[in-house]
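Breakdown of the fold
Listed below, chain by chain, are the residues.
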Amino acid sequence: MPDSRPPVIRATHLRKAFGEHAVVRDVSFELRAGETLVLLGPSGCGKTTLLKLLNRLIEPDGGTIEINGQDVLAQRPEVLRRGIGYVIQQVGLLPHYTVAENIAVVPRLLGHAPAAIAARTTALLTRLHLPPARYAGQYPHQLSGGQQQRVGLARALAADPPIVLLDEPFGALDPLTRASIRREFRELEELRSKTVVLVTHDVTEAFELADRILLLDAGQVQQLGTPRELLFRPANDFVRRFFAAERLALQLRTLTLGDVFPAQEVFGFEIGPPKPDFEGPKPEFELKRTEIEPMNVEIEQKRTDFGGPTLEFEPKRTEIEQKRPEIGGSTLEIEPKRTEIEQERPEIEVSKPEFEPKRTEFEGPTLEFEPKRTEIEGRTLDLTTATTVHDALEALTGVGPTAARFTLAQLMAAFGEALQREEDAWKR
Ligand SMILES: Nc1ncnc2c1ncn2[C@@H]1O[C@H](COP(=O)(O)OP(=O)(O)OP(=O)(O)O)[C@@H](O)[C@H]1O
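Note that this is a predicted model, so its numbers are computed, not measured.

Some points on the nonpolar core
Counting 58 residues, the largest nonpolar core has Phe-243, Val-260 and Leu-411 as the members making the most contacts within it. Ile-9, Leu-39, Cys-45 and Leu-54 belong to the second-largest nonpolar core, a separate cluster that totals 29 residues.

See below:
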């Protein structure tokens, strides 16, 4: 059934200039409840200005903004802002307030009961991996940049606003921390139901977090659409060029297993479930027998009419390192996964390429690992139709699966075909 409610945010023909300099030029968009819109574009293109128009930190020269069908001009700015969580670029925690006091600012203004505020603060800090017993009483200068950004996020979420605006919320972080906070952010239950507008100039970040992206250049909308639309259906040359440098990485993150293996049951992918009664420290893993060296296995195409290159397949087991041998657990046996290459065309359509191993000496001995390697990464890699090719590759080459019903070679070949299908559809 179509949603008959007004959009949560409706911006219509927004304009803003500073002096002679037009910074936002005729920008319109609508956002539904629970959607995440990413404002993306080069430095100075007007992203922050556009974000600040939404909560009236900046007033537009023209155009309108409606929130839940109501013109924002009809509300006092400070009242409006209490209903909209906001994380600014510089985090902006109050230096003389503790973490807990910083988080409590808006709920206090709204007159929430102290006990409710305390409970909420504890819950948010826990969710954001800042154990309250340790962090609630600390001051901002005692925290790392990443921790401060988490507190900034907790503060924006404290009063449970239905709308959250985030300006480069992970801006100050190194790429590794940034990637892991982004993952936490994506998985944060608190944000799932919220309508989010997030500013970034980081293309990967935009693709990871956005339901839709609004790509701006010099204050003008170049394209508004899903990451997939921007990547595979660029509206103009600017859009195409903007993603050119990271095109392959974005394609890997955008296409899913459902796209590359259409209508196929290829998801018999299992990793031993965690033992339900396992308690205590997380198991860490150990390579018990190291005598197996990774070796290259060359896979040759059987059907040369398919015309792809020869693929080289390199097992990756040595990535599992001995860490905490003292932690016990049942032993899991993992066969080298390349043996699956020997399967005669496992569940792959006739039109798909067939591969056969040129060298079969890879039938090495079985490797034994301590339990459940996925916990090394702190996440489970269950492959579904919605899994991106990027994540599936990570699973196949890193914390490998025990029973994926496709090989790396098949995945890459199918990915190539899916790209071709996208291209063909675009040309038609
Ligand atoms: N208060 C202001 N007065 C005058 N010019 C401003 C003001 N705020 C922003 N600008 C100008 O407007 C343009 C857009 O700024 P804005 O901060 O919106 O860009 P941005 O896309 O968020 O950039 P960045 O990614 O670098 O943060 C810039 O050229 C900036 O100098």
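Description of the site of the ligand
Around the ligand, the neighbouring residues are Phe-18, His-21, Val-23, Pro-42, Ser-43, Gly-44, Cys-45, Gly-46, Lys-47, Thr-48, Thr-49 and Gln-89. Between an oxygen atom of the ligand and a main-chain N or O atom of Cys-45, the distance comes to 3.1 Å. The protein chains hide 60% of the 630 Å² of surface that the ligand would expose on its own. Sorting the residues of the shell around the ligand by element identifies strand S2 (21-31) and helix H1 (47-54) as the ones contributing at least two each. Of the residues forming the shell around the ligand, the biggest block, three residues, is contributed by H1. Class assignment of the residues belonging to the shell around the ligand gives a composition of four nonpolar, seven polar and one charged.

Considerations on the confidence of the model for the protein
Taken over all residues, the pLDDT of the protein has a mean of 73, while the share at 70 or more is 68%. The low-confidence segment residues 265-380 (pLDDT under 50) makes 218 contacts with residues lying over four places distant or belonging to another chain.

Concerning the pairing of strand S8 (residues 195-200)
The side chains of a regular strand alternate, first on one face of the sheet and then on the other. By the criterion of burial, S8 is predominantly enclosed, with six of the six residues buried. Bridge count between strand S3 (residues 36-40) and S8: five bridges; the pairing is parallel. Across the sheet, the residue bridging to Leu-37 is Val-197, located in S8. Both strand S7 (residues 163-167) and S8 contribute to a ladder of five bridges, which runs parallel. Bridging from a neighbouring strand, Ile-163 pairs with Thr-195 of S8.

Some words on the packing of aromatic side chains
Under the defined criterion, the tally for this structure stands at three aromatic pairs. Ring centres of Phe-207 and Phe-243 lie 5.4 Å apart, and the angle between their planes is 75°; on these two criteria the pair is classed as edge-to-face. One end of the pair, Phe-207, is in helix H9 (residues 203-209); the other, Phe-243, is in helix H11 (residues 237-244), with 36 residues separating them in the sequence. Here Phe-207 matches Phe-243 in class, with each residue buried.

Re the sheet that holds strand S10 (residues 220-225)
In a beta sheet, neighbouring strands are held together by backbone hydrogen bonds and run either parallel or antiparallel to one another. Pairing within the open sheet is mixed, and its six strands lie in the order S6-S7-S8-S3-S9-S10. Looking at the sheet topology across the chains shown, the edges are occupied by strand S6 (84-87) and S10. Strand-to-strand twist of the sheet, defined as the mean angle between neighbouring strand axes without regard to direction, takes the value 15°. Lying on the sheet, helix H6 (residues 145-157) is in contact with S6 and S7; it crosses S6 at an angle near 165°. Docked against the sheet, H11 engages S3, strand S9 (212-217) and S10, running at close to 105° with respect to S9.

Looking at the side chain of Thr-36
Turning to its location among the elements, Thr-36 is positioned in strand S3. In this structure Thr-36 comes out as buried when scored by relative accessible area, which is 11%. Not counting residues within four places of it along the chain, the set of residues in contact with Thr-36 comprises Val-196, Leu-209, Ala-210, Asp-211 and Arg-212.

Looking at the side chain of Thr-195
For Thr-195, the location among the structural elements is in strand S8. Classification of Thr-195 as buried rests on a relative accessible area of 2%. With sequence-adjacent residues up to four places away left out, Thr-195 is seen in contact with Val-8, Leu-31, Arg-32, Ala-33, Gly-34, Glu-35, Pro-162, Ile-163 and Val-164.

As for the layout of surface pockets
Taking a probe equal in size to a water molecule and rolling it over the atoms shows the remaining empty space. Computed from the structure, the largest pocket encloses a volume of approximately 920 Å³. In terms of lining, the largest pocket is formed by 32 residues, of which the most central are Arg-186, Phe-207, Glu-208, Leu-209 and Thr-388. Looking at the lining of the largest pocket, the elements that each hand over two or more residues are helix H7 (175-187), helix H8 (189-192), H9, helix H10 (227-232), helix H12 (247-254) and helix H14 (389-397). Here the element with the most residues in the lining of the largest pocket is H7; it accounts for six residues. Residues of the lining of the largest pocket, tallied by class, amount to ten nonpolar, eight polar and 14 charged. Roughly 410 Å³ of internal volume is contained in the second largest pocket.

Topic: H6
For H6, with 13 residues, the first-to-last C-alpha span of 19 Å sits near the 18 Å given by 1.5 Å per residue. Counting buried positions over the 13 residues of H6 gives eleven, a clear majority of the element. All buried positions along H6 are accounted for by Gly-146, Gln-147, Gln-149, Arg-150, Val-151, Gly-152, Leu-153, Ala-154, Arg-155, Ala-156 and Leu-157.

Focus: the packing of H14 against helix H15 (residues 408-427)
One can describe the packing of H14 onto H15 by two numbers: an axis separation of 10 Å at closest approach and a directional angle of 165°. Classed by the angle they form, the pair H14 and H15 counts as roughly antiparallel. The crossing of H14 and H15 is left-handed. Together, Val-389, Ala-392, Leu-393, Leu-396 and Thr-397 of H14 and Leu-408, Leu-411, Met-412 and Phe-415 of H15 make up the contact between the two elements. In terms of residue class, the contact of H14 with H15 is built from eight nonpolar, one polar and no charged.

Observations regarding the pattern of salt bridges
A complete count under the given rule lists 13 salt bridges for this structure. Notably, a salt bridge pairs Arg-233 with Glu-422, separated by 3.3 Å at the nearest N-O pair. Of the two residues, Arg-233 is situated in the loop between H10 and H11 and Glu-422 in helix H15; the sequence distance between them amounts to 189 residues. Through salt bridges with shared partners, one network takes in Arg-228, Arg-233, Asp-259 and Glu-422.

The rules behind these values
Residues numbered from 1 in each chain as written. Predicted model: local features only at pLDDT ≥ 70, side-chain atom pairs only at ≥ 80, totals over all residues. Heavy atoms only, no water. Core = buried A, V, L, I, M, F, W, Y, C linked by side-chain atoms within 4.5 Å. Buried < 20%, exposed > 50% of the residue type's maximum accessible area, 1.4 Å probe, protein only. Near = heavy atom within 4 Å. Polar contact = N/O pair within 3.5 Å; in protein donor to acceptor, adjacent residues only side chain to side chain. Areas by Shrake-Rupley, 256 points an atom, 1.4 Å probe, with all protein chains shown as cover. Helix = DSSP H or I, 4+ residues; strand = E, 2+ residues; numbered from the N terminus. Nonpolar A, V, L, I, M, F, W, Y, C, P; charged D, E, K, R; others polar. pLDDT = per-residue confidence, 0-100. Contact = heavy atoms within 4.5 Å. Pairing = 2+ DSSP bridges. Phe/Tyr/Trp six-rings, centres within 6.5 Å; stacked < 30°, edge-to-face > 60°. Axes fitted to C-alpha atoms, helices over the stretch in contact; angles between N-to-C directions. 1 Å grid on protein atoms, 1.4 Å probe; cavity = no way out; pocket = protein on both sides within 12 Å on 5 of 7 lines; lining within 4 Å. Points joined across faces, edges and corners; volume = space filled by probe spheres on them. Expected span 1.5 Å × (residues − 1). Parallel < 35°, antiparallel > 145°, perpendicular 65-115°, else oblique. Left-handed = near helix turned anticlockwise from the far one by under 90°. Salt bridge = Lys/Arg side-chain N within 4 Å of Asp/Glu carboxyl O.

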